[in-house]
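# An overview of the molecular structure
Listed here are the chains, written in short residue letters.
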Amino acid sequence: MPPFTVKLCNYCSQQGNLRCTRCKKTCYCSVACQSEDWNAHRHMCKPITWRLQVNNGDVTCSQRVYLRDLRKNDITKGMEIQVSVVELHSPGRFFIHVQSPELVEALRAVTVELQKTNGGSLGTDYKPDTGEVCAVKYSLDQNWYRGVVQSVAADDGNAKVLYIDFGNEEDVTLDRIKPLAASIEPIPPCALECSVAGVTPVTDSWMGVCCIAVRQLVAGKSLTLTVVDTPENDRTYAVDILLTPIGKQLSTFLMDQGYAVREDVNKKRAEQDVDSLVSASLENFRRQSGGKNENMEAQPPDPLTQGLGDTFAAMVTHLQSPYDIICQKLDNASVIQELHLKLRDHCSQAPASQNFRPAPGTVCCSLFYEDNQWYRAKVLAYSSEEKVCVGYIDFGNSEEVELSRLCSISSELLALPMQAIPCALAGVRPTAEVWSEETVLMLRRMVCNRFLRVEILGEREGMALVAMIDEASDPQGNVAEMLVATGYALLISVSLHKNHRPLGYLTLAIPFLCLAVAKPAVAEKLQWTCAELPTEGQMVALVVSVMENPGEFYCYKYNQEDLQVLAELGAELKRHCEADITPFTPSVGEPCCALFSGDGAWYRGMVQGVWAGSKARVYFVDYGNTSDVEQAHLRAITPGLLKHHFLAIRCWLAGVEPLSPQWSAESIVRFQALCVGQQLHARVLFITERGYGLQLDSSGQNVATTLLSEQLAKAPGQSQALAKSVPTVPKIPQQKPAIQRDTTTSVGPPKPAAANENEPPTEKQVKKNNQSKATDKFPLDWRTVELPRNETFQPCIAAVVSPSLFYLFNPSHVYVERLKSVMMDLAVYCTTKALPSRCKPIPGAACCAQFSGDKNWYRAVFLETTETEASVIYADYGNSEKLPFASILPIPTEFLELPFQIARCALTGKEHFPSVWPVEVLELFSALLSDGVLASVQDFDGNSNLLSVTLQIERGGGHLNTMILEGLQSTQTGSAKTRRQEPGKTKTPIIATARVTPATAPVTPATAPVTPATAPVTPATAPVTPATAPVTPATAPVTTDSSICSPDYASPCCCRDLVQKVKHIFLLLLLTYSGGGTRP
């Protein structure tokens, strides 16, 4: 039997069985209640709409689908579930997938049905509602997914949608939106929106560096999530996540790192109580105000508008805590006094009215109990039929008064802005969770009945963050510092939110007031913004404008809009500066127009210093360089020239440090050659006082990795000696001369209208470069699988180069459908777009290789190269072969996003390994690995899995790492003649002879719209037949001393064979001595 549902009247909350005839949703008990509620209900009442669907020739009607029409999730408070984060905006808003086969199957079924019902055609004239769930065609893979419409811009023909099964958002055109078919199962949104419970950000929003840190901790991991609270009206779950690697909850990590503070539960509850009071007050007001004067025309005046950095004399008029202070400007004392006289005259002449019942939110005159004077007050709530709570908008305090103590107010008395300025002390926090009564009492003694100097440092939740100075004391005392010194508060650093501007406007309204839009002052202050980079992991195109070194450079976004702005600014600045010859007195921190001596053109600048001799140091804000400019060559700038943000962005290269305290000239030149004049792709990894820490990719190669491999930089924290011990990688020949720049002097901004080599490439040049050089490299920084640590296993050796580099085949997580998609895209690229590289590859680099067995292209890694051919290992299947260079092509970075199935490994202790290995030790290492060993992963250094390898018990046991080091030491003490290799040759890799079977277990494909194109693919035959025949390892030739055997002999010499036999006997003795036993 279905449960009985009681419908309640939307107005009086009694049982109501009648529905609104327009929207068919809202219930009422009578026509009278509906009429009373119409003023409020009409804003949300929309006529029910139907749409036609044709199914096999039959026309059916179905309703629009909204989130409320979908099934509810069965997640309850206190549950612990395994999840993965699929989209992270901030700790306050991220989306998760519950890890369950049922969810995967439901999502797959819905996605397949969406493709079937919508096909490849686009919509025509469908106009979705805000909040409606529709079928939306995703821009990246052109597949259809469920999306909720967040807003609609009908005039522009687009809408903003949230993909409810994956958590990502995008703006789409209306022709890519269709109504959701009735055949689509109304499963709950698969992406659950969550926020970290119990914490709030230290600023008014989550900082970019915090979001980056959290993303690195949770991305791509299986996490244990605890549901702290479930949503009531919205769909956001309050949760906490266990961060296993650091053994902390996410909320604890955020507080420990200073990104968040514990949420004030009492404040939240108080806000809820206030909301309940307001709702009850409105209900009471509506019942009692029929036919009376509601005072609706008396709306609150504008709040005061102050600028960040403003300083003024003030007096505190109301104080609750260091975070809740109200003050008045002393400069406005005469104006406030005049207002009070006008209020007294007005109220004494206005007749008392029993009909006056002002509505909540309106302003009236109220007779204050303590001094029996009239003040401007805002009606907050009705506590009873005859009493009302009011807040005094010029002082910040509030009280409860009878209706008889209220009087209507004239429009003339509302012209003056509200004089109360809400403030909070900057730089302090309570010693406990809340401010103690003793602290509040001490603060009252410090600030009440005193004249203070107040400086606005920032903004938080509509309140000014201020420093208060008591200038009457000797010496002058900072109130916050005195609280800290006396132990009543703790010191915190003052960090302004990134959107704050040094001289921007703050609209400061008392907390109990409705925020209003501040009117600018008559003398308009200058305000500006700076260009910002996305901090959520997106790649962005950049062009370097000024290069100092890898630790400091300036760039701007490479897009058509900014390039157009540069061109237009040049013309506008020229007209303005030639017309305005008024003398300009520069002030530090003030923007201006400056004439650059290098080209005689005008640019936007910022004054950084004023020197004797009528010169000023100017930073050119659109390019990043600095120069000393004569004051006669400076002009005042207008607000119109500051409308567009400053283009120059200060950056530094993440992941590298100079080998010495300063960057070497060679490092700077190489960095310039990689970056200057190129279109770069960047991702923000850090935000510090030095600017944005970037991961940079230039023409398909990672800039940091290139500098490290060429020994021009070191990894952060790495010693100089260790950095120089890394094997040297041959430098890639330059395709064109590097663009040089004098790093000791400032170079002016390039002329926007002129074409020179420092300007960004045009679209045609970019397209041409993409074809000729974007994929001209073999990347070394491909991502390897990180193996589980401290677990003993028998490794499947795929290939061995040295103890510093060998590969295991690890098909533990095979994404079959994604791999098929990558293989198909790779085949298209190699057959239609790819060009041969002129660069010689090095071992360990990734490439595309054409398998000789089926002539298909696959992802591969170089093992060894000669002049005409190379030995490669197929990265997803583990088999190896030698190929001519005609069967090898460079691989773009987009084909490296899916991790290889081979794992890059090295023995622990690799920091002690040589750059060139003796042949004897390589043969010993290969021989021991080939007969079966046991291994465990001890660490991951960001590039390789570091393994500890032991021999099996039946072979006598023994630690292979120790044997290799002892063998290395023994060979180093022997004759140099027996360990010298032939010049120009490298050791041939030893290929594993074990048969490797590619993983074919089907895995449900991820159909998220945030992943690259994963269009349904007809299953093909097995992409690669692994090498089944044992591969005979090639032996590298060994050079012997000419005194034993002449190199001119064409045939093998008995002396050479004898030397080889002696070496093998020595190695066997060494192996026996080391405890490893002899090989059978």
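Parameters and conventions
Residues numbered from 1 in each chain as written. Predicted model: local features only at pLDDT ≥ 70, side-chain atom pairs only at ≥ 80, totals over all residues. Heavy atoms only, no water. Helix = DSSP H or I, 4+ residues; strand = E, 2+ residues; numbered from the N terminus. Buried < 20%, exposed > 50% of the residue type's maximum accessible area, 1.4 Å probe, protein only. Contact = heavy atoms within 4.5 Å. Areas by Shrake-Rupley, 256 points an atom, 1.4 Å probe, with all protein chains shown as cover. Pairing = 2+ DSSP bridges. Disulfide = S-S within 2.5 Å.

## Some words on the overall build of the protein chain
In terms of helices and strands, the protein chain carries 17 helices and 54 strands. Scored against the burial criterion, the 1080 residues of the protein chain give a buried share of 45%. For the protein chain, restricting intrachain contacts to residue pairs at least 6 apart in sequence, the fraction spanning at least 24 positions comes to 66%. Roughly 54100 Å² of accessible area belongs to the protein chain as shown, and the carbon and sulfur atoms make up 54% of that amount.

## Examining the sheet that holds strand β36 (residues 601-611)
Spatial strand order, β38-β37-β36-β35-β39: 5 strands in an open sheet with antiparallel pairing. Two strands lie at the open edges of the sheet, namely β38 (626-630) and β39 (634-635), each paired on one side alone. Note that strand β37 (residues 615-620) and β38 share 5 bridges and pair antiparallel. Across the sheet, K615 pairs through a bridge with E630, a residue of β38.

## Examining the state of the cysteines
This structure, assessed with the given rule, holds 0 disulfides. A disulfide-free cysteine, C29 has its sulfur positioned 3.6 Å from the sulfur of C12, the nearest such atom. The class for C29 is partly exposed, based on a relative accessible area of 30%. Here C830 stays unpaired: no disulfide links it, and the sulfur of C848, its closest cysteine neighbor, is 3.8 Å away.

## Notes on the sheet that holds strand β47 (residues 857-865)
On the basis of which strands lie adjacent, the open sheet formed by 5 strands has the order β49-β48-β47-β46-β50 and antiparallel pairing. The sheet terminates laterally at β49 (880-884) and β50 (888-889), the two strands that pair on one side only. Sheet analysis places β47 next to strand β48 (residues 869-874), joined by 5 bridges and oriented antiparallel. If you follow A860 over to β48, its bridge partner there is Y874.

## Quick notes on the pairing of strand β22 (residues 374-382)
Each regular strand shows side chains that alternate between the opposite faces of the sheet. For β22, the buried fraction is high: 8 of the 9 residues fall into the buried class. A loop of 6 residues connects strand β21 (residues 363-367) with β22, the two strands running antiparallel in sequence, and N372 in this loop sits at a positive phi of about 55 degrees. Hairpin connection, β22 to strand β23 (residues 387-392): the antiparallel pair is bridged by 4 residues.

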